[in-house]
Structures are given as C-alpha cells and as structure tokens.
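Residues per chain, in single letters:
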Amino acid sequence: MQGFGEIQTIFLQITAMKPKRAPVENRQRDLFRVELERIVDPSHSLIKLSTAVDWATLDNAFGASYCPDTGRPAISTRLMVALHYLKYTHNLSDESVVAGWVENPYWQYFSGMKVFEHRMPVDPSSMTRWRKRIGDAGAEELLKQTISAGLKLKAVKSHQLARVNVDTTVQEKEVRFPTDARLYDRARQRLVKAAEDHGIDLRQNYNRLSRQLVCQQSRYAHAKQMNRAKRCTSKLRTYLGRVLRDVTRHCPQPDQDLRQLLEISQRILTQQRNDKHKVYSVHAPEVECISKGKAHKRYEFGCKVSVAATSRGGWFVGAMALHGNPYDGHTLSDALAQVQRIAGKNPNQAFVDMGYRGHGSSGSTEVHVDKRRRGRTARSLWRWMKRRAAIEPGIGHLKREHRMDRNRLKGELGDRLNAILSAAGMNFSKLLRWLEQFLRLLLEISSGFQRTNLNCLPAIH
C-alpha cells in the first residue's frame, strides 16, 4: 500500500500541468498598458542580475514535478522563483512580497513580466504549495543557481570554492516559550476546538477557569511564590487530563488529525522534567531544546542547522537543517556532500571549530580543526584557519536579515526549506550589492574619462 507522502505526490502531479513558458517576444507595442522596458532603468542591478540567472535550467528542473498535459496550466516557474528570491532577500512574508510586487516595476521585470501589472500575480498560499512541491532538492537548486550566476558575473571566483568554513547554529521556531502551564492550557484549547469540529459534547471545557489560572500562575512565578504557582500548574494539568479522557470516550476511533492531537496531548500530560524527546509546542511537536552555551540565551527551541560558506567572499554553498540535535562532528560529511552538489566540486579544504574534534577527515576534503594556539601550524595554513571565524557574522546576517531567526514554515520540511532559502537570499543580496558597486565604479571611471578629455581641449579666447 502506498504511503501518504506518495499519494500526496501523485495528487500534486495529476492536478496541474507544466507551467507555461515565456511567450515569444513581440515587438508590437501595447497601446493601453505601459511596457516595463519604458519604466525601468536598464543599468539597475536587479535588471542586470535577471540576465545572469539561468531561467531555462530552473524551468526544466521544476517541470519534472508537474504532469505534462493534464490539468490546468501551472503558474510560471520564473515568477515563483523570483518571488522566493525577493522574499528571502528582503526578509518579507509571503503576503508582503506579493503585495510589494504590485508596486515595484523592477520586481515585475525580474519576474519575467512584459507590461506593468496592477493586480497580485498569485495568492500568497500558492507560494506555500509551490515550496512543498519542489522540496529540498528544489531549494538546493535555487541556492545552486545563485552560485552559478555569481560565477557568470565573475562576482564569485572559482578558486574561492576550494576552501570552505563549516559551522552549526540554531534555527529557532516561531513558538512561545514553553512552560508547563502554557503547554497544558494550549493542549486543552486545541482539544476543545477539535471536539467542537467533530460535534463532541464535552462535560466541561474549562475555558474560563483555565484563563484565570494561567494569569495567576505567571504572577505567582514572577513574585517568586513558587508553591502557589505549582498549585496553579497542577490544576491546569488536571483540566487537560479531564478533557483528554472525555474526548477519548466520545471518539474511540478518531481520524488522523485528531489521533495525532490526542497523542501529543497525552505526551504533554505524562512527560516529566528530565525526560528525553519532550514536546515543547502543540502545533510544532518537532521542536527541540538546544543549548549552545550562550550567556544571553541558555536554551533555544528549534532545530540545529549546519551552514557552509567560502573562506573568501563569504558565499554560502550549503545550509542543512538537522533534527535530533546531533553532535557537530557527525554532521560534517553530509554538509560537505551538499557543498559538492551546490558548488559542483568537492572543496580542497574545510575549516571547522573545536566542536568537530574527532571527525577531521572526510573523503578528498582536508579538514582542519581550529586550535587554541598556533603551535607548529604552517603560517600559510594558519592564515586560513583564522578566516574560519568569518562565518560567524555571516550566520548573524542570515538570522537578522534573511529569516533564519524565527522559522515560520510548518513541519520538518519547513525547517529544511527555510534554512536553504535563507542562504539563497543571502547570496542574492550579495550579488545585488556587488552589481551596484561594480556599476557605480564604471560610472565613476566613465565620468573621470570625460573630465580628462574636457581638460585636454584647447582654451577658447
């Protein structure tokens, strides 16, 4: 029997045919709509970058997930790719990037439009479904295309891909800070809502009493009256148990969604302080508690992410979300394999911190673990080892400016997609910045050349 994932994939393939390709350019002007060529500046960095991206390769790569000739035509691949590049470059939500697309002619030109559009191109929910369709491999293709565009523009040098820095960080999930009182109350709320949807008449839902207890518990905890706070938490746990048993009695054979909610609620009800694999969120049970030794933030709730960037230039050539909170050294081989897929070749050297001790070899790549002192390390190698710390500010930019600080995508697939697309948005913004500086330099050189020619002219009396 086919699994649910296979059935979902087959359903997605048979409900939409391949996206329409861009129409052949027609030089006949439209008298009633404004053409984008007349609006945009051809020397703009986004216009220049649109010619460097290989749209045909992306169209062929993502076209395999569509049915050839069944169903209605799908949305243009170039449009969806452009929206995701812009979303993660400018740190926007799906709704914001679609709304901003209507107002920005440069974004529309980058998306392949010929005339200025006054309406939203897609519903924001279409971006969610498109991300699920392309999966991890599609997101890696978007990241790979940023490196290919950089090589074509010569912003990325081929020798830069020979040395990479690898490190791990935590991608936090968009969840509330998990306390026992909040978890008990949220699980009870979800059960009451599910009972209403299934037509189950509960003996009591405890909505009013639980609201009062949550407020009292937080006040008692803030005032360091811990015994009173524990009594409030115990009552909330009792209310959750009563509602859980009531729903179980009325629905002995629940459907898949209700069964999953009952299992999560049972785990929250029975888990103890020192248990492993605890539930920290009702709507995101995959969240893990990770401690990275930070003084200002002892625990982070999300998943571990392994990132790889070039030692020179700081171009991200890998980003991988890892569940189960693995040891850093155990993630190195998978990280270097992803670098090979995206960069097209294995790096000659990889530089890692002391968290990777004991795993200093990986195939043809020479792995160098950071040391507290230089010792007998050669001076040329020590210079590259000091460059290992350059990945730390890059991770900071990923979190502050490219949506890795709080992941808002659902499930484990959302964690993996958000990590890769954040790295793609980082590379895309670096390409735009490089083009702006390059075009500005060309303008200064041309203006200086004109001034030199004017100075050479003979004086007119």
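Residues numbered from 1 in each chain as written. Predicted model: local features only at pLDDT ≥ 70, side-chain atom pairs only at ≥ 80, totals over all residues. Heavy atoms only, no water.

Caption draft 1: Spatial organisation of the overall build of the protein. Assigned secondary structure in the protein consists of 15 helices and 10 strands. Within the protein, contacts between residues separated by at least 24 positions form 69% of all contacts whose residues are at least 6 apart in sequence. Accessible surface computed for the protein: about 26,000 Å², of which carbon and sulfur atoms make up 50%. (Helix = DSSP H or I, 4+ residues; strand = E, 2+ residues; numbered from the N terminus. Contact = heavy atoms within 4.5 Å. Areas by Shrake-Rupley, 256 points an atom, 1.4 Å probe, with all protein chains shown as cover.)

Caption draft 2: Fine view of a positive patch on the surface. A surface patch of like charges, here positive, comprises Arg 72, Arg 129, Lys 132 and Lys 410. Locating Arg 129 in the fold gives a position in helix α7 (residues 124-153). (Patch = residues over 30% accessible without salt bridge, like charges linked within 9 Å, V, L, I, M, F, W, Y side chains within 5 Å. Salt bridge = Lys/Arg side-chain N within 4 Å of Asp/Glu carboxyl O. Lys, Arg positive; Asp, Glu negative; His and termini not counted. Charge placed at Lys NZ, Arg CZ, Asp CG, Glu CD.)

Caption draft 3: Examining the packing of α7 against helix α12 (residues 332-343) more closely. Where α7 meets α12, the closest approach of the two axes is 8 Å, and the angle between their N-to-C directions is 60°. With respect to their mutual orientation, α7 and α12 come out oblique. Taking contact as the criterion, the partners of Glu 140, Leu 143, Lys 144 and Ile 147 in α7 are, on α12, Gln 338, Arg 341 and Ile 342. Taken together, the residues of the contact of α7 with α12 break down into 3 nonpolar, 1 polar and 3 charged. (Axes fitted to C-alpha atoms, helices over the stretch in contact; angles between N-to-C directions. Parallel < 35°, antiparallel > 145°, perpendicular 65-115°, else oblique. Nonpolar A, V, L, I, M, F, W, Y, C, P; charged D, E, K, R; others polar.)

Caption draft 4: Summary view of the nonpolar core. Core analysis: the biggest nonpolar cluster contains 73 residues, and Leu 49, Val 81, Leu 83, Val 166 and Val 307 have the highest contact counts within it. It is helix α15 (residues 411-456) that contributes the most residues to this core, 11 residues altogether. The contacts of Leu 49, once residues within four sequence positions are left out, are Phe 110, Ala 149, Leu 153, Phe 428, Leu 431, Leu 432 and Leu 435. Judged by nonpolar contacts, the second largest core, of 28 residues, contains Ala 195, Leu 244, Leu 269 and Val 282. (Core = buried A, V, L, I, M, F, W, Y, C linked by side-chain atoms within 4.5 Å. Buried < 20%, exposed > 50% of the residue type's maximum accessible area, 1.4 Å probe, protein only.)

Caption draft 5: Representation of the pairing of strand β7 (residues 349-352) within the structure. On β7, burial covers both faces: Gln 349 and Phe 351 on one face and Ala 350 and Val 352 on the other are all buried. Bridge count for strand β3 (residues 163-173) against β7 is 3 bridges, and the pairing is parallel. Counted as the bridge partner of Arg 163 is Gln 349 from β7. Where β7 lies against strand β9 (residues 365-369), 4 bridges are found, and the strand directions are parallel. Residue Ala 350 lies in a different strand from β9, and its bridge partner there is Val 367. (Pairing = 2+ DSSP bridges.)

Caption draft 6: Examining the packing of helix α8 (residues 180-197) against helix α9 (residues 207-222) more closely. In the contact formed by α8 and α9, the axes pass within 10 Å of each other and the chain directions differ by 165°. As the angle between them shows, α8 and α9 are arranged roughly antiparallel. Taken as a pair, α8 and α9 cross one another with a handedness that is left-handed. Each of Ala 181, Asp 185, Arg 188 and Val 192 in α8 lies in contact with α9, whose residues at this interface are Asn 207, Ser 210, Val 214 and Gln 217. (Left-handed = near helix turned anticlockwise from the far one by under 90°.)

Caption draft 7: Local environment of a nonpolar patch on the surface. A surface patch of nonpolar side chains, about 370 Å² in accessible area, is lined by Phe 438, Leu 441, Leu 442 and Ile 445. Summarising the element assignment, Leu 441 is placed in helix α15. Given a relative accessible area of 45%, Leu 441 falls into the partly exposed group.

Caption draft 8: Inspection of the environment of Thr 146 at higher detail. Along the chain, the position of Thr 146 falls in helix α7. The class for Thr 146 is buried, based on a relative accessible area of 2%. Along the chain, Thr 146 and Gly 425 lie 279 residues apart, while their C-alpha atoms are 8.8 Å from each other. Each residue touching Thr 146, except ones within four places of it in the same chain, is listed here: Tyr 85, Ala 424, Asn 427 and Leu 431.

Caption draft 9: Spatial organisation of the confidence of the model for the protein. Counting all residues, the mean pLDDT for the protein is 88, and 88% of those residues have values of 70 or more. The low-confidence segment residues 7-14 (pLDDT under 50) makes 9 contacts with residues lying over four places distant or belonging to another chain. (pLDDT = per-residue confidence, 0-100.)

Caption draft 10: A look at the pairing of β3. Taking burial as the measure, the 11 residues of β3 include 10 buried ones, the bulk of the element. As judged from the 9 bridges shared by β3 and strand β5 (residues 300-310), these two strands associate in the antiparallel manner. Among the inter-strand pairings, Val 166 is bridged to a residue of β5, identified as Ala 308. The pairing of β3 with strand β10 (residues 406-407) spans 2 bridges and is classified as parallel. In the sheet register, Glu 172 faces β10, and the bridge partner there is Arg 406.

Caption draft 11: Focus on α9. With 16 residues, α9 ought to run about 22 Å at 1.5 Å a step, and its terminal C-alpha atoms sit 23 Å apart, in line with that. For α9, the secondary structure elements touched by its buried residues are α8 and α10 (226-250). Lys 224 sits one or two positions beyond α9 and adopts a positive phi of about 60°. (Expected span 1.5 Å × (residues − 1).)

Caption draft 12: Inspection of the environment of Leu 49 at higher detail. Looking at the element boundaries, Leu 49 is found in helix α2 (residues 45-52). By relative accessible area, which is 0% here, Leu 49 ends up buried. Along the primary structure Leu 49 and Leu 432 are separated by 383 residues, whereas in three dimensions their C-alpha atoms are 7.3 Å apart.

Caption draft 13: Summary view of the pattern of salt bridges. Under the counting rule described, the total for this entry stands at 16 salt bridges. Between Asp 185 and Arg 188 there is a salt bridge; the shortest N-O distance is 3.1 Å. Note that Asp 185 and Arg 188 are positioned in helix α8 at a spacing of 3 residues, about one turn of the helix. On the accessibility criterion, Asp 185 (10% relative accessible area) is buried. Across the pair Arg 388 and Glu 392 runs a salt bridge, and its minimum N-O distance is 3.8 Å.

Caption draft 14: The arrangement of the side chain of Ser 50 in detail. In this fold, Ser 50 is placed in helix α2. Accessibility expressed as a relative area gives 5% for Ser 50, which makes it buried.

Caption draft 15: Local environment of helix α11 (residues 256-270). Look at α11: 21 Å from first C-alpha to last across 15 residues, which is about the 21 Å you get at 1.5 Å a residue. Those residues of α11 lying buried are Leu 258, Leu 261, Leu 262, Ile 264, Ser 265, Ile 268 and Leu 269. Each buried residue of α11 lies within a common arc of 165° when the element is viewed along its axis, so the set occupies one face. On its buried face, α11 is in contact with α8 and α10. (Arc of directions from axis to C-beta.)

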